[in-house]
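Remarks on the overall topology
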Amino acid sequence: MRDPATSRRTDTASLVVAALPDAVYRAFADPDALMAWLPPESMTGRVLDYDFREGGRYRIELTYDEAASGDVGKTTGRTDVSAGRFLSLEPGKRIVQSVVFESPDAAFAGEMVMTWSFEPLPAGTRITITAENVPPGISQADHDAGLRASLENLARYLG
């Protein structure tokens, strides 16, 4: 039996958007565009570093608004800072990136790998997010809600 405190899981979410795969890909390539749609509701984002190329590094900060209760952030009471690298970039098809949370809490330690896949369909593009090696400090319910929120924000942004 696996120890739930150290086991890692894979989470996934998918949504069809009314946009071409190249337009979806461009929404990741521009850091201002990324911050327009990535932060879930009740959060704002800012790019600290963004080198969108294979092997390039990034660092972003998401901040909870004042309505958030208590210490909800992974990095500080109200912020989540994550950093990583772009492992693979296939324009119009797929983005693979590593994600490491800057946190003093060991429950958020380790490298998560997120793959964003773009499948062309007659109605637009199916975007699928697969997050592997999810830290145990991120609850499945919270992660599912966050992934869905980002996809819905992206659909609105592209709309």
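For the structure itself, consult the block above.
Everything quoted here is computed from the prediction, not taken from an experiment.

1. Things to note about the overall build of the protein
- When helices and strands are counted, the protein shows three helices and seven strands.
- Listed by position from the N terminus, the elements making up the protein come as β-α-α-β-β-β-β-β-β-α.
- The proportion of buried residues among the 159 residues of the protein is 42%.
- Counting contacts in the protein only where the partners sit at least 6 residues apart, residues at least 24 apart contribute 51% of the total.
- On the protein, roughly 8,300 Å² of surface is accessible, and the fraction owed to carbon and sulfur atoms is 51%.

2. Points about the nonpolar core
- Counting residues in hydrophobic clusters, the biggest one holds 34 residues, and the most contacted among them are Val 24, Phe 28, Ile 95 and Trp 116.
- Setting aside anything within four residues of it in sequence, one finds Trp 116 in contact with Phe 28, Trp 37, Lys 93, Arg 94, Ile 95, Gln 97, Ile 127, Thr 128, Ile 129 and Leu 151.

3. Here's the deal with helix H3 (residues 140-158)
- Here H3 spans 27 Å end to end across 19 residues, near enough to the 27 Å set by a 1.5 Å rise per residue.
- Taken together, the buried positions of H3 are occupied by His 143, Leu 147, Ala 149, Ser 150, Leu 151, Asn 153, Leu 154 and Leu 158.
- The secondary structure elements touched by the buried residues of H3 are strand E1 (9-17), helix H1 (21-29), helix H2 (31-37), strand E6 (111-121) and strand E7 (124-134).

4. Observations concerning the pattern of salt bridges
- Going through the model one piece at a time under the given rule, you end up with seven salt bridges.
- Here Arg 59 and Glu 102 are joined by a salt bridge, their closest N and O atoms 2.7 Å apart. Of this pair, Arg 59 sits in strand E3 (residues 57-64) while Glu 102 sits in the loop between strand E5 (94-101) and E6; the two residues are 43 residues apart in sequence, bridging distant segments of the chain.
- What makes Glu 102 partly exposed here is its relative accessible area of 27%.
- Put simply, Arg 94 and Glu 90 hold a salt bridge, and the shortest N to O gap is 2.9 Å.
- With relative accessibility at 30%, the residue Arg 94 sits in the partly exposed group.
- Taking the relative accessible area as the measure of exposure, Glu 90 reaches 29% and is therefore partly exposed.

5. Structural notes on the pairing of E7
- Across eight bridges, E1 lies against E7 in antiparallel orientation. The residue of E7 that forms the bridge with Thr 12 is Thr 130.
- Two strands pair when backbone bridges link them, and E6 and E7 are joined in this way by nine bridges, in the antiparallel orientation. Bridged to Met 114 within E7 is Ala 131.
- The hairpin formed by E6 and E7 contains two residues between the paired strands.

6. Considerations on the packing of H1 against H3
- Relative to each other, H1 and H3 sit at 110°, their axes nearing to 11 Å. Our classification of the angle between H1 and H3 gives roughly perpendicular. In this structure, H1 uses Ala 23, Val 24, Ala 27 and Phe 28 to contact H3, whose residues at the interface are Leu 154, Tyr 157 and Leu 158.
- Split by residue class, the contact of H1 with H3 holds seven nonpolar, no polar and no charged.

About the criteria used
Residues numbered from 1 in each chain as written. Predicted model: local features only at pLDDT ≥ 70, side-chain atom pairs only at ≥ 80, totals over all residues. Heavy atoms only, no water. Helix = DSSP H or I, 4+ residues; strand = E, 2+ residues; numbered from the N terminus. Buried < 20%, exposed > 50% of the residue type's maximum accessible area, 1.4 Å probe, protein only. Contact = heavy atoms within 4.5 Å. Areas by Shrake-Rupley, 256 points an atom, 1.4 Å probe, with all protein chains shown as cover. Core = buried A, V, L, I, M, F, W, Y, C linked by side-chain atoms within 4.5 Å. Expected span 1.5 Å × (residues − 1). Salt bridge = Lys/Arg side-chain N within 4 Å of Asp/Glu carboxyl O. Pairing = 2+ DSSP bridges. Axes fitted to C-alpha atoms, helices over the stretch in contact; angles between N-to-C directions. Parallel < 35°, antiparallel > 145°, perpendicular 65-115°, else oblique. Nonpolar A, V, L, I, M, F, W, Y, C, P; charged D, E, K, R; others polar.

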